[in-house]
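These are the residues of each chain, in order.
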Amino acid sequence: MNGVSYLTMFLEPVKPWLDDPAVSEIMINGPKEIYIEKSGRLIKVDSAFPSEPALFAAANNIAKSVGRILNEEYPRLDARLPDGSRVHVVIPPLSRCGTVVAIRKFRTDSLQPENLIEWGSISEEMLDRLRELVRKRMNILVCGATSSGKTSILNVLSSFIDPADRILTIEDSCELQLRQPHLVPFETRRPDKDGRGEVTFRDLLHSALRLRPDRIILGEIRGGEALDLLQAMNTGHSGSMSTIHANNAADSLLRLETCVLFAGFDLPVNAIRNQIVAALNYIIHTGRLEDGSRKVLGISRVLPLDHGEYRLESEWEWIQTGVDASGKFTGEFRKVKQ
């Protein structure tokens, strides 16, 4: 029995939604409560696992399939299904409602830039601008809240990279779908039950810098690896990209600053800020609106510091003008006059 069918047997209560391409995420809040995200909206479905032990068995088998541990000592799990879907699990007693599982489904079809235009997520002019920035080897940070489409935008940006470039990607769980021929994908590793064998973003970034990359793509900035990435950007590795959780472009710079501090060096704030503005060229802000749609809400250029403070120059913005009869937000992508 192959890995896909083996795990599907344990995940039988949610199999219809695993197979449904219109479903982007499955959320299991204990054995009796299951939600899905479909077309940007959360829907509670009429399905359940037979018991808490049955749900835990499903989660534990996912952990075993990727060589990881899920137990009282390691009650949280980051893993993926054989098709690439990302899985996060939290078990009792941390979770009071039973085993909690979120499955972010992996797109089986490659996201094309034109899809974003069809869905109203970006304008054609904005897409042309992003293509130009990538080809000019600008260093780009994609920011946004959880499930706002950051990885999707990073995938689209990556599609504009010259096929001749040597690209090194670093992720917790491989979600990027690059099609370039010269690709070296890396994935972090959690420690084993004895606390040994962990390989972090920083470890892999150090290796990446010694492997002659033309471009480095970091799946997400979360901690001290921010300093290493900034140093890479500032020492000749132009055209690098990453994502970060932040509510807007200005907040992304402050969050990046905080992540640099996790590197453990006692650096003055002004020195960190100078490194950030020297390294980054553009910030792309993604958002998930209340109607469930995802859009590129802005494209901003990073300017030099002004008396120690960050400055951004907005080039494009999404402007909401109303709501249509179906409840969808209406608006336009507007170029900001400089």
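Up top you'll find the structure we're talking about.
In this numbering scheme, every chain counts its residues from 1 along its sequence in written order. Side-chain atom pairs in this predicted model are given and counted only at pLDDT of 80 or more, local residue features only at pLDDT of at least 70, and totals for whole chains, interfaces and linings cover all residues. With hydrogens and water excluded, all non-hydrogen atoms of the structure serve as input to the side-chain values.

As a further point, take the sheet that holds strand β4 (residues 76-80). Two strands pair if DSSP finds at least two bridges between them. Working definition: helices are DSSP H or I runs of at least four residues, strands are E runs of at least two. Numbering for both runs from the N terminus. Ordered by their spatial adjacency, six strands build an open sheet running β3-β2-β1-β6-β5-β4, and the pairing between neighbours is antiparallel. Both edges of this open sheet fall to β3 (41-45) and β4, since each of them pairs with a single strand only. In this sheet, adjacent strand axes meet at a mean angle of 15° when their direction is disregarded. When β4 meets strand β5 (residues 86-90), the two strands line up antiparallel, connected through five bridges. Across the sheet, aspartate 78 pairs through a bridge with histidine 88, a residue of β5. Fitted lines through C-alpha atoms give the axes, limited to the stretch in contact for helices. The angle between two N-to-C directions lies from 0 to 180 degrees.

This part is about the pairing of strand β14 (residues 309-323). Every other side chain in a regular strand lies on the same face of the sheet, so the side chains alternate between the two faces. Pairing geometry for strand β13 (residues 294-306) and β14, over seven bridges, is antiparallel. The partner of leucine 303 across the bridge, within β14, is arginine 311. Hairpin connection between β13 and β14: a loop of two residues separates the two successive antiparallel strands, and histidine 307 in this loop has a positive phi of roughly 55°. Here β14 pairs with strand β15 (residues 329-335) via seven bridges, running antiparallel. Paired with glycine 322 across the strands is threonine 330, a residue of β15. In textbook terms, the turn of a hairpin is the stretch between consecutive antiparallel strands, and for β14 and β15 this stretch comprises five residues, one of which, glycine 327, has a positive phi near 90°.

The next point concerns the nonpolar core. Here, nonpolar core means buried Ala, Val, Leu, Ile, Met, Phe, Trp, Tyr and Cys residues that are tied together by side-chain atoms lying within 4.5 Å of each other. Think of it in three bands: residues with accessible area under 20% of the maximum for their type are buried, residues over 50% are exposed, and the middle band is partly exposed, with areas taken using a 1.4 Å probe on protein chains only. By size, the foremost hydrophobic cluster in this structure holds 36 residues, and its most contacted members are Ile170, Ile221, Leu256, Ile276 and Leu280. Among the elements that make up this core, the one with the highest residue count is helix α8 (residues 225-233) (six residues). With sequence-adjacent residues up to four places away left out, leucine 280 is seen in contact with Asn139, Ile140, Leu141, Met233, Leu253, Leu256 and Val302. Ranked by size, the runner-up nonpolar core spans 31 residues in total, among them Ile153, Ile161, Ile167 and Leu178. Note on contacts: a residue pair is in contact if any heavy atoms of the two residues lie within 4.5 Å.

The subject of this paragraph is helix α10 (residues 269-279). An α-helical segment advances 3.6 residues per turn. Residues three or four places apart therefore align on the same side. If you check which residues of α10 are buried, you get Ile272, Arg273, Ile276, Val277 and Ala279. The arc enclosing the buried residues of α10, seen along the axis, measures out at 165°, which places them on a common side. Each element contacted by the buried residues of α10 is listed here: α8, α9 (249-261), β13 and β14. As used here, the arc belongs to the directions running from the helix axis to the C-beta atoms.

Next up on the list: the sheet that holds strand β8 (residues 167-171). Spatially, β9-β8-β10-β11-β7-β12-β13-β14-β15 is the arrangement adopted by the nine strands of the open sheet, whose pairing is mixed. Each of the sheet's edge strands pairs with one partner strand only, and the pair in question is β9 (183-187) and β15. Each strand of the sheet is rotated relative to its neighbour by a mean of 25°, with strand direction disregarded. Sheet topology note: the strand β12 (residues 282-288)/β13 ladder contains seven bridges and is antiparallel. The residue bridging isoleucine 283 from the neighbouring strand is serine 300, located in β13. Along the sheet face, helix α5 (residues 124-135) touches β7 (140-144), β10 (215-218), β11 (241-245), β12, β13, β14 and β15 and points at about 155° away from the line of β14. Running at roughly 135° to β14, α9 makes contact with β7, β11, β12, β13 and β14 of the sheet.

In terms of residue burial, β11 counts as a mostly covered element, since four of its five residues are buried. By the bridge criterion, five bridges tie β7 to β11 in an arrangement that is parallel. When the sheet's bridge partners are listed, valine 142 is paired in β11 with threonine 243. In the sheet, β10 pairs with β11 via two bridges, with the strands oriented parallel. Along β11, the bridge assignment pairs isoleucine 217 with methionine 241.

Right, let's get into the pattern of salt bridges. When a carboxyl oxygen of Asp or Glu lies within 4 Å of a side-chain nitrogen of Lys or Arg, that pair is called a salt bridge. Within this structure, the stated rule accounts for 21 salt bridges. Among the ionic pairs, lysine 44 bridges to glutamate 33, the shortest N-O distance being 4.0 Å. Pair noted here: lysine 44 is in strand β3 and glutamate 33 is in the loop between β1 (23-29) and β2 (34-38), with a separation of eleven residues, a long-range link.

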